[in-house]
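Structural overview for review
Spelled out from the first residue to the last, the chains are:
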Amino acid sequence: MEDVFDTTGRPPKGWMHAIFHGGPYGEDVGRCIPGPPAPEIFTVPLAEGGIHTYRLWTVGSWSDPEDPIAVYNPDGPPVPPPLLTAQEKQWTREGRRRRGLGPVRLVALTDDGRVTCDPDASAIEAMLAELRERQHVVLQWLTDHDEGDFSLQVLLAEDATYEVEHQAGTTGERQRTRSASQTEVRDTVLRWVADQSSRCTDLEGPTTEDDS
């Protein structure tokens, strides 16, 4: 990212002020980032190699609503891997066709960028077992559905509980529930894969709904 700082109180057009908690930008004052809107994830190359990832925590302002300030925290909300776009779905289908494989119905996405086509029960179980705190497994249907769920994601939270969220394909409704049992989550995910109408209410934990 281009190094853009502002000492006048008004960042250049197309940029906004940002505050970074910890990490390589933790001591910077006046640093600007592209926006608004502020990107959800912000990565910084490290001199010793690798990257440092910041996550957007909140956006506010000191006093001027026309001067939003993005606040980044390395311990901010975990961000799941993005669902495949229409173009990426097409690339996936074309890649399978060129290899002489059948059409793909379902993909599994992980935070390290892996995409697994039509994972079987053992592959899904292994992905769940490999989860570490703040990591996701996301399952996405690549076939068109008039009813039922479009995607499902599992997050291992900091309190060692699993948060399962599914998004309905037609209404966009999101439903979340929690469980401390990896076995219970595994069984629920496998039911969802086998029968798309299975819902996260199969879990015993608290459930919330989000229509946004």
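Enumeration over the complete set of coordinates arrives at 11 salt bridges. Residues Glu163 and Arg178 are paired through a salt bridge, measuring 3.2 Å at the closest nitrogen-oxygen approach. Of the two residues, Glu163 is situated in strand β11 (residues 162-168) and Arg178 in strand β12 (residues 174-179); the sequence distance between them amounts to 15 residues. We classify Glu163 as buried; its relative accessible area is 17%. Given the relative accessible area of 29%, Arg178 is considered partly exposed. Residues participating in the shared-partner salt-bridge network are Asp3, Asp28 and Arg31.

Strand order across the open sheet formed by six strands is β1-β3-β2-β6-β5-β4, with mixed pairing between neighbours. Two strands in the sheet have a free side with no partner beyond their single neighbour: β1 (4-5) and β4 (41-45). By the bridge criterion, five bridges tie β4 to strand β5 (residues 51-60) in an arrangement that is antiparallel. Within β5, the residue paired with Ile41 across the bridge is Arg55.

Quick look at the pairing of strand β3 (residues 31-34) now. Two strands pair when backbone bridges link them, and β1 and β3 are joined in this way by two bridges, in the antiparallel orientation. Bridging from a neighbouring strand, Phe5 pairs with Arg31 of β3. One ladder, built from three bridges, connects strand β2 (residues 15-20) with β3; its direction is antiparallel. Across the sheet, residue Trp15 finds its bridge partner in β3, namely Pro34.

To continue, consider the confidence of the model for the chain. Per-residue pLDDT for the chain averages 83, and the proportion of residues at 70 or more is 84%. Helix α2 (residues 121-130) holds the highest mean pLDDT among the elements of the chain, 95, whereas strand β13 (residues 207-210) holds the lowest, 48. Per-residue pLDDT stays below 50 along residues 197-202; that stretch engages in 18 contacts with residues further than four places along the chain or on separate chains.

Quick look at helix α1 (residues 86-98) now. With 13 residues, α1 should reach 18 Å at 1.5 Å per residue; the first-to-last C-alpha distance of 18 Å fits that figure. Among the residues of α1, those classed as buried are Lys89, Thr92, Gly95 and Arg96. Buried residues of α1 fall within an arc of 125° about the axis and therefore sit on the same side. Turned more than 90 degrees from where α1 packs its buried face, Ala86, Trp91, Arg97 and Arg98 sit exposed. Phi turns positive, to about 75°, at Gly100, one or two residues after α1.

Here the focus is the packing of aromatic side chains. Under the defined criterion, the tally for this structure stands at eight aromatic pairs. Residues Phe20 and Tyr72 carry aromatic rings whose centres are separated by 5.3 Å and whose planes lie at 15° to one another, so their mutual orientation is stacked. Of this pair, Phe20 sits in strand β2 while Tyr72 sits in strand β6 (residues 69-73), placing them 52 residues apart in sequence. In this structure, Phe20 and Tyr72 share a single accessibility class: buried. Site record: aromatic cluster; members linked through ring pairs are Phe20, Tyr25, Phe42, Tyr54 and Tyr72. Directly above the aromatic system of Tyr25 lies the positively charged group of Arg31, at a separation of 3.6 Å from the ring centroid.

Calculation rules
- Residues numbered from 1 in each chain as written.
- Predicted model: local features only at pLDDT ≥ 70, side-chain atom pairs only at ≥ 80, totals over all residues.
- Heavy atoms only, no water.
- Salt bridge = Lys/Arg side-chain N within 4 Å of Asp/Glu carboxyl O.
- Helix = DSSP H or I, 4+ residues; strand = E, 2+ residues; numbered from the N terminus.
- Buried < 20%, exposed > 50% of the residue type's maximum accessible area, 1.4 Å probe, protein only.
- Pairing = 2+ DSSP bridges.
- pLDDT = per-residue confidence, 0-100.
- Contact = heavy atoms within 4.5 Å.
- Expected span 1.5 Å × (residues − 1).
- Arc of directions from axis to C-beta.
- Phe/Tyr/Trp six-rings, centres within 6.5 Å; stacked < 30°, edge-to-face > 60°.
- Lys NZ or Arg CZ within 6 Å of the ring centre and 35° of its normal.

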